[in-house]
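# Structural characterization, general
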Amino acid sequence: MEKEILQLFSNLTERDLDIQYKSYEELMKIMEEPVDWTYSVWEQLVQALTYKNGHVRASAAQFLCALAAKSDPEERVLEDFLKIWAVTYDEKTETSRHTLQAIWRIGLAGQVQRDLVVSYLAKRFQICLDEKHPTLIRYDIIVSFKKLFDATNDPKLLEIARRLIEEEEDVKCKKKYKNAIR
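Fair warning: this is a prediction, and the values are worked out from it, not measured in the lab. (Residues numbered from 1 in each chain as written. Predicted model: local features only at pLDDT ≥ 70, side-chain atom pairs only at ≥ 80, totals over all residues. Heavy atoms only, no water.)

## So, the environment of A109
- Structurally, the position occupied by A109 is in the loop between α6 (93-102) and α7 (111-127).
- On the basis of relative accessibility, which here comes to 30%, the residue A109 falls in the partly exposed class.
- Not counting the four nearest positions on each side in its chain, A109 is found in contact with A68 and A69. (Helix = DSSP H or I, 4+ residues; strand = E, 2+ residues; numbered from the N terminus. Buried < 20%, exposed > 50% of the residue type's maximum accessible area, 1.4 Å probe, protein only. Contact = heavy atoms within 4.5 Å.)

Spelled out as structure tokens, the structure:
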């Protein structure tokens, strides 16, 4: 693995939050294209999903989602999906939302991955009413459907999103969700 990549991952543990953030941003940018070092960091990222620090858990989940999208030819994400998904239920709202907002990327890896993500997102939309901040969760899910549609042009994604929106009883929320997929 390149020294630059190792340094960026190392910088994520720096005390200086600016250095951490810049390294995170640079890594996410790099992962927008296929990389050949996915499996050099995969297991450490999976382990980090359960670390005490919520910021570390969220970053690990976001990195795994990004790597799965473009750089997971062995489809390891299928084995580890539930570990990533578990972070969408994190006790820290920020950690859970950052993971939920990133998980759609896994659907870019292939049809099996897309079907998996879509089924989990749709089910979560339906059952999240008893969770803390269900409106935010539902909004993030609808935005995820829109992002996945924008990246794949799969019209079924918008159909599912529209069907879910119709289940919303709150008129104000329904309008917000409809605006998210326009």
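## A closer look at the packing of helix α4 (residues 54-70) against α6
- In contact at an axis separation of 9 Å, α4 and α6 are set at 5° when each is read in the N-to-C sense. Comparing the axis directions of α4 and α6 gives the class roughly parallel. Taken together, the residues of α6 that come into contact with α4 (itself represented by G54, H55, R57, A58, A61, Q62 and C65) are T95, H98, T99 and A102.
- Class assignment of the residues belonging to the contact of α4 with α6 gives a composition of four nonpolar, six polar and one charged. (Axes fitted to C-alpha atoms, helices over the stretch in contact; angles between N-to-C directions. Parallel < 35°, antiparallel > 145°, perpendicular 65-115°, else oblique. Nonpolar A, V, L, I, M, F, W, Y, C, P; charged D, E, K, R; others polar.)

## Structural notes on a negative patch on the surface
- Where like charges cluster on the molecular surface, the negative patch consists of E2, E4, E26 and D36.
- You can see E2 is positioned in the segment before α1 (3-11).
- The partly exposed category is assigned to E2, whose relative accessible area is 47%. (Patch = residues over 30% accessible without salt bridge, like charges linked within 9 Å, V, L, I, M, F, W, Y side chains within 5 Å. Areas by Shrake-Rupley, 256 points an atom, 1.4 Å probe, with all protein chains shown as cover. Salt bridge = Lys/Arg side-chain N within 4 Å of Asp/Glu carboxyl O. Lys, Arg positive; Asp, Glu negative; His and termini not counted. Charge placed at Lys NZ, Arg CZ, Asp CG, Glu CD.)

## Notes on α7
- The end-to-end C-alpha separation of α7 is 24 Å, in line with the 24 Å expected for 17 residues at 1.5 Å each.
- If you check which residues of α7 are buried, you get Q113, R114, V117, V118, L121, A122, R124 and F125. Seen from one end, α7 has its buried residues packed into an arc of 160°, which puts them on one side.
- Against α5 (77-86), α6, α8 (134-152), α9 (155-167) and α10 (171-180) lie the buried residues of α7. (Expected span 1.5 Å × (residues − 1). Arc of directions from axis to C-beta.)

## Focus: the side chain of S96
- Position of S96 relative to the elements: it lies in helix α6.
- S96 gets classed as buried once you look at its relative accessible area, which sits at 10%.
- A distance of 2.9 Å separates a polar atom in the side chain of S96 from the backbone oxygen of T93.
- Once residues lying within four places of it in the same chain are set aside, the contact partners of S96 are V87, T88, Y89 and D90. (Polar contact = N/O pair within 3.5 Å; in protein donor to acceptor, adjacent residues only side chain to side chain.)

## Re the packing of α8 against α9
- For the pair α8 and α9, the least separation of the axes is 8 Å and the interaxial angle reads 165°. Overall, the two elements α8 and α9 adopt an arrangement that is roughly antiparallel. For α8 against α9, the interelement crossing comes out left-handed. Residues I142, F145, K146, L148, F149 and T152 of α8 form the contact with α9, whose participating residues are P155, L157, L158, I160, A161, L164 and I165.
- Taken together, the residues of the contact of α8 with α9 break down into eleven nonpolar, one polar and one charged. (Left-handed = near helix turned anticlockwise from the far one by under 90°.)

## Let's talk about unusual backbone geometry
- With a phi angle near 55°, E75 is a residue other than glycine that sits in the positive phi range.
- For E75, the position within the fold is in the loop between α4 and α5.
- We classify E75 as partly exposed; its relative accessible area is 36%.
- Of note, the phi angle at H133 is positive, near 60°, even though the residue is not glycine.
- Mapped onto the elements of the fold, H133 is located in the loop between α7 and α8.

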